[in-house]
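# Structure assessment
Okay, here's what each chain looks like letter by letter:
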Amino acid sequence: MKIDHSLPLEYSTEENRLKILGFWIFLGAEIVLFSTLFAVYFTLQHNVGNGPAGSHIFELTPVMIETIVLLSSSFTIGLGVHAMRLGNKKAMMTFFGITLLLGLVFLGVEITEFVTYIHEGATMQTSAFLSALFTLLGTHGMHVTFGLLWGSAILMQVKKRGLTPETANKSFIFSLYWHFLDVVWIFIFSFVYLKGMM
Amino acid sequence: MKWDEFFVTGEPMIYAAMVSIVLVSIAIPVGLTYFKKWGYLWRHWLTTVDHKKIGVMYIIAALLMLFRGGVDALLMRAQTAIPDNGLLDGQHYNEIFTTHGIIMILFMAMPFIIGLMNVVIPLQIGARDVAFPRLNAVSFWLFFFGAMLLNISFVIGGSPDAGWTAYFPLASVEFSPTVGNNYYSLALQIAGIGTLMTGINFLVTILKMRAPGMKLMKMPMFTWSILITSIIIVFAFPVLTVALALMMLDRQFGTQFFAMQNGGMDMLWANLFWVWGHPEVYIVILPAFGIYSEIIATFAKKNLYGYKSMVYSMVAISLLSFLVWVHHFYTMGHGVMVNSVFSITTMAIAIPTGVKIFNWLFTLRKGKISFTTPMLYSLAFIPIFTIGGVTGVMLAMASADYQYHNTMFLVAHFHYVLIPGTVFAVIAGFHYWFPKLFGFKLNERLGKWSFWFIAISFNVTFFPLFILGLNGMTRRMYTYSESTGYGPLNMLSMVGALGLTIGFILLVYNIYWSTRYQPREVTGDPWDARSLEWSTPSPVPEYNFAKVPVIDTLDAFWYSKKEGKPLTDEDDYEPIHMPNNNGQPFIMGVFFFFFGFFMVFSWWIPAIIAGLFILGTMAYRSFEKDHGHYISVGEIERTENALRGEKE
């Protein structure tokens, strides 16, 4: 394993560089996946059948909380990667930990929101609009859930093995994933919620 | 669900299939035990991460699926050979044409191509493996278990029966109440994830792991075709992922995406399916173009004519492939404007394709052509595929399409594109690269016999369908009355299908015969070919290249042969780093199989448990430390000397 010390730790081996490129391409595929879900949502958003429309069920407060929490988590993971590049393991772990906690808060609020919708009689089975809404939000939420599990696994490895080319690579790739989820959320916030409330 | 609903009952053919499945599943473990091959199978195949072995497994699976799909085809031809035939009932016929389509496209054409690219691409670009060898094994096992999941459907629960396109509302629970279409959504999902990973893997491999000096415009044409195919895979397959997920939600969780009430939209399925489905057609055809380019240049003993225009035309085809999906349903009532736009984009595809056809013809011009088996397939491809292309342009004209839509004319058209395009190509590629993998050629005499059977019978089978279609015979029609006059041409088509069967049996017999009697091939370059894979000894050692070659031109190996200067100096080897074999991809595939199976029957608790096991394998992989191993200089020298003979 040749380690190139002129590059940041996460880029320092050939294998690491391949993995980062591969993950960027994977994110390209993820963009297509979410674009398709958005296309489905936009196609069906007015097909409310006998169910409620978006303007009846969307509430700004929980959505604002989710947005602020998730955007902050993107900032903290950025700080985490910065700390990693400085070689500060403790700060890196703290920032990653905060990121995951914010992710957990996001997920909690989202689940509460889903429960509220269902109590108001807006279930996934009610109308095509709601099917598309729950699928789009649910896919994003499942990505966040998976991210929490994945991020925790990486944190454990960093704690045990320290900042090696391997763990740094994993942490960096995880940060790409997390930023991506944030970008998707910005689109959901703007084009599903804000537009839907108008 | 009762047990008598669990197994498909009431058909003698299904009982026969069950008996044969049971016999095979007894025979395999008994055979393995008797010949003491369990360890060999596990260590050398099931756990392998070597791209060449993974490629071989893909090809074996694809050949098996070719026969499964071929039996479906024979049954269809037999059913329609005479008017008012009672061999199959309507439901059974529906299931057969559905599985024929799914299997031939997704579990035969795709894996055959992916198998060849696994074998060839790293060798062509001078790499020692793909970028992510372990992920490559995961891709294979997901494909394999996805295919197995679909294949058990015809004895357990019932096969999908709404056509390979599974249009809604026909594919909804209301009109397809069996679990057949649950198999469709889950088996394709599992295999599709594997394909997506393959796309990413080969994209990174080709972009990052080429031999020093091999600029993009110095890559062999097959590598170019796979680069472009991989990009299409990455951008098309997520659409399938979503479409299948929505199908599953609609069928099993009561959502309303494609429903006919509560705001659902059945046309949405057709659109999503073909936004993936049309690029998918190019995913199976572009690699074929790449294979033909290699073979034609090799056996015409000339440079490929118009290298750059070949590349640009493939790029153009890949872009257009995403802009034509509506031509699959002109008749579903969009406006004139929409149909016109898609008509024009569709016809535009003929331009870059035509460029390629002329490039091959100009490559042949004044070439010293040797008529080997792979070359015969390539030469037959050009005229037959052109018929397919021209009828494609006929179908592309929206107003005219109202006449042929969903007739046998369409069926004839796409078989004329896919069989000479993809099937001939993979068979040609199989003959061409076979000696690289196994160290001996397939027998040429048997190969040519099977070629002539296949090429002639193909036309006998499918040309009559053009006429039947123009006479008004619709596709997917399980029987017809004598007064329609469809009988004689259908019978002719059946005769052709039997000829195709003989051709494919000869092909497999050739593999058996050649394994036993064909002389070993020692040069590593039996065809006097042009690209880098032929600079390695046959069969290729685990590490592919003892020293990574340095490239300064297209067809560098060809020029090094002509000028007599080797691509590398063979002396100072360095230890080579290789990945370790691992059983986790296989185990993960097994878990995916069970997850899919439980999901098909909506058995939630077992499905969740299987899902947790899948997550568990991912977590295990995350925490595992595996840094591969090194092959020592001494071992490289021993291997190279054994394979190439001692240097004087």
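What you see is a predicted model; the values in this text were computed from it and never measured. (Residues numbered from 1 in each chain as written. Chains lettered and ligands numbered in written order. Predicted model: local features only at pLDDT ≥ 70, side-chain atom pairs only at ≥ 80, totals over all residues. Heavy atoms only, no water.)

Let's shift gears to the overall build of chain A. In terms of regular secondary structure, chain A is built from six helices and zero strands. Secondary structure elements in chain A, listed N-terminal to C-terminal, are α-α-α-α-α-α. Taking the principal axes of the C-alpha coordinates as reference, chain A spans close to 65 × 30 × 25 Å. Burial status across chain A gives 54% buried among its 198 residues. At a minimum sequence separation of 6, the contacts of chain A that also span at least 24 residues come to 80%. (Helix = DSSP H or I, 4+ residues; strand = E, 2+ residues; numbered from the N terminus. Buried < 20%, exposed > 50% of the residue type's maximum accessible area, 1.4 Å probe, protein only. Contact = heavy atoms within 4.5 Å.)

Moving on to the environment of B:Val355. Residue and element names in this part refer to chain B. The residue Val355 is located in helix α12 (residues 350-364) in this model. For Val355 and Ser313, which are 42 residues apart along the polypeptide, the C-alpha to C-alpha distance reads 7.1 Å. Those residues in contact with Val355, other than ones at most four positions away along the chain, are Ser309 and Ser313.

Here the focus is the nonpolar core. A:Leu133, B:Phe107, B:Trp269 and B:Trp360 are the most contacted members of the largest nonpolar core, which has 264 residues in total. Ranked by residue count, the leading element in this core is helix α9 (residues 266-300) of chain B, at 21 residues. Non-local contacts of B:Trp360, meaning those with residues more than four positions away in its chain, are made with B:Phe289, B:Tyr292, B:Ser293, B:Ile296, B:Leu304, B:Met310, B:Phe381 and B:Ile382. In this structure, B:Tyr543, B:Ala546, B:Ile576 and B:Ile631 belong to the second largest nonpolar core, which totals seven residues. (Core = buried A, V, L, I, M, F, W, Y, C linked by side-chain atoms within 4.5 Å.)

Let us look at a nonpolar patch on the surface. On the surface, a nonpolar cluster with roughly 620 Å² of combined accessible area is contributed by A:Leu149, B:Phe253, B:Trp604, B:Ile608, B:Leu612, B:Leu615 and B:Met618. If one sorts the elements of the nonpolar patch by residue count, helix α20 (residues 604-623) of chain B sits on top with five residues. Within the secondary structure layout, B:Leu612 lies in helix α20. (Patch = residues over 30% accessible without salt bridge, like charges linked within 9 Å, V, L, I, M, F, W, Y side chains within 5 Å. Areas by Shrake-Rupley, 256 points an atom, 1.4 Å probe, with all protein chains shown as cover. Salt bridge = Lys/Arg side-chain N within 4 Å of Asp/Glu carboxyl O.)

The next point concerns helix α6 (residues 133-152) of chain B. Across its 20 residues, α6(B) extends 29 Å between first and last C-alpha, which sits within 8% of the 28 Å expected from 1.5 Å per residue. The buried fraction of α6(B) amounts to 16 of the 20 residues, a majority that puts the element mostly inside the structure. (Expected span 1.5 Å × (residues − 1).)

Here we come to the interface of chain B and chain A. Residue-level contacts link 37 residues of chain B with 36 residues of chain A. Regarding the contact of chain B and chain A, the summed buried area is about 3000 Å², with carbon and sulfur atoms giving 74% of it. It is B:Phe257, B:Asn262 and B:Phe623 in chain B that bury the most area against chain A; as a group they hold 17% of the surface buried on that side. The interface formed by chain B and chain A includes zero salt bridges. (Buried area = accessible area lost by both parts, 1.4 Å probe.)

This brings us to the packing of helix α8 (residues 221-252) of chain B against helix α10 (residues 307-321) of chain B. Residues and elements named next belong to chain B. At a closest axis distance of 10 Å, the pairing of α8 and α10 adopts a crossing angle of 15 degrees. Accordingly, the angle class assigned to the pair α8 and α10 is roughly parallel. Considering how the two elements wind past one another, α8 and α10 form a crossing that is right-handed. For the pair formed by α8 and α10, the contact residues are Met221, Trp224, Ser225, Ile228 and Ile232 on the first element and Tyr307, Met310, Val311, Met314, Val315, Ser318 and Ser321 on the second. (Axes fitted to C-alpha atoms, helices over the stretch in contact; angles between N-to-C directions. Parallel < 35°, antiparallel > 145°, perpendicular 65-115°, else oblique. Left-handed = near helix turned anticlockwise from the far one by under 90°.)

Residue and element names in this part refer to chain B. When you line up the elements, Arg475 lands in the loop between α16 (444-470) and α17 (487-517). Taking the C-alpha atoms as reference points, Arg475 and Gly55, separated by 420 residues in sequence, lie 35 Å from one another. Setting aside chain neighbours within four positions, we find Arg475 in contact with Asn406, Thr407, Met408, Leu410, Val411 and Phe414.

As a further point, take the packing of aromatic side chains. Under the definition given, this model contains 94 aromatic pairs over all chains. With centroids separated by 5.1 Å and ring planes inclined at 70 degrees, the aromatic side chains of A:Trp150 and A:Tyr177 adopt a geometry described as edge-to-face. Of the two residues, A:Trp150 is situated in helix α5 (residues 128-161) and A:Tyr177 in helix α6 (residues 165-197); the sequence distance between them amounts to 27 residues. Judged by relative accessible area, A:Tyr177 falls into the buried class, the value being 4%. Judged by centre distance (5.3 Å) and plane angle (90 degrees), the rings of B:Phe144 and B:Phe145 are edge-to-face. Here B:Phe144 falls in the partly exposed class, since its relative accessible area comes to 23%. Between the NZ or CZ atom of B:Lys53 and the centre of the ring of B:Trp45, over which it lies, the distance is 5.5 Å. In this structure, B:Arg68 is placed above the aromatic ring of B:Phe154, and the distance from its NZ or CZ to the ring centre is 4.6 Å. (Phe/Tyr/Trp six-rings, centres within 6.5 Å; stacked < 30°, edge-to-face > 60°. Lys NZ or Arg CZ within 6 Å of the ring centre and 35° of its normal.)

Residue and element names in this part refer to chain B. Within the secondary structure, Arg251 sits in helix α8. At 6.7 Å, Asp161 is the nearest oppositely charged side chain to Arg251, a buried residue that forms no salt bridge. Looking at Arg251, its side chain comes within polar contact range of the main-chain oxygen of Ala171, at 2.6 Å. Not counting residues within four places of it along the chain, the set of residues in contact with Arg251 comprises Ala171, Ser172, Val173, Ser176, Thr178, Val179, Asn181 and Asn182. (Lys, Arg positive; Asp, Glu negative; His and termini not counted. Polar contact = N/O pair within 3.5 Å; in protein donor to acceptor, adjacent residues only side chain to side chain.)

This paragraph deals with the pattern of salt bridges. Residue and element names in this part refer to chain B. In this structure the tally under the stated criterion is 14 salt bridges over all chains. Linking Lys448 and Glu444 is a salt bridge whose minimum nitrogen-to-oxygen distance equals 3.9 Å. Note that Lys448 and Glu444 are positioned in helix α16 at a spacing of four residues, about one turn of the helix. Here Asp525 ties to Lys561 by a salt bridge, and the two come within 2.5 Å at their closest N and O atoms. Of this pair, Asp525 sits in the loop between α17 and α18 (556-563) while Lys561 sits in helix α18; the two residues are 36 residues apart in sequence, bridging distant segments of the chain.

All names here are of chain B. A cis amide bond, omega 5 degrees, links Phe168 with the succeeding residue Pro169. Here Pro169 is to be found in the loop between α6 and α7 (180-208). Of the consecutive residues Ser538 and Pro539, the connecting peptide bond is found in the cis state with omega at -10 degrees. Here Pro539 lies in the loop between α17 and α18. One non-glycine residue with positive phi stands out, namely Arg476, at about 60 degrees. Relative to the helices and strands, Arg476 resides in the loop between α16 and α17. Of note in the backbone geometry, Ser602 takes a positive phi value of approximately 55 degrees without being a glycine. Topologically, Ser602 is positioned in the loop between α19 (584-600) and α20. Classification of Ser602 by relative accessible area gives partly exposed; the value is 28%.

The subject of this paragraph is the confidence of the model for chain B. For chain B, the mean per-residue pLDDT works out to 92, and 98% of the residues sit at or above 70. Predicted complex metrics record ipTM = 0.96 and pTM = 0.95. (pLDDT = per-residue confidence, 0-100.)

Bringing empty space enclosed by the protein into the picture now. Residues and elements named next belong to chain B. Within the structure shown, the criterion is met by four cavities of 30 Å³ or more. Counting residues per element, the lining of the largest cavity draws most heavily on α9, which supplies four residues. Partitioned by chemical class, the residues of the lining of the largest cavity number nine nonpolar, three polar and three charged. (1 Å grid on protein atoms, 1.4 Å probe; cavity = no way out; pocket = protein on both sides within 12 Å on 5 of 7 lines; lining within 4 Å. Points joined across faces, edges and corners; volume = space filled by probe spheres on them. Nonpolar A, V, L, I, M, F, W, Y, C, P; charged D, E, K, R; others polar.)

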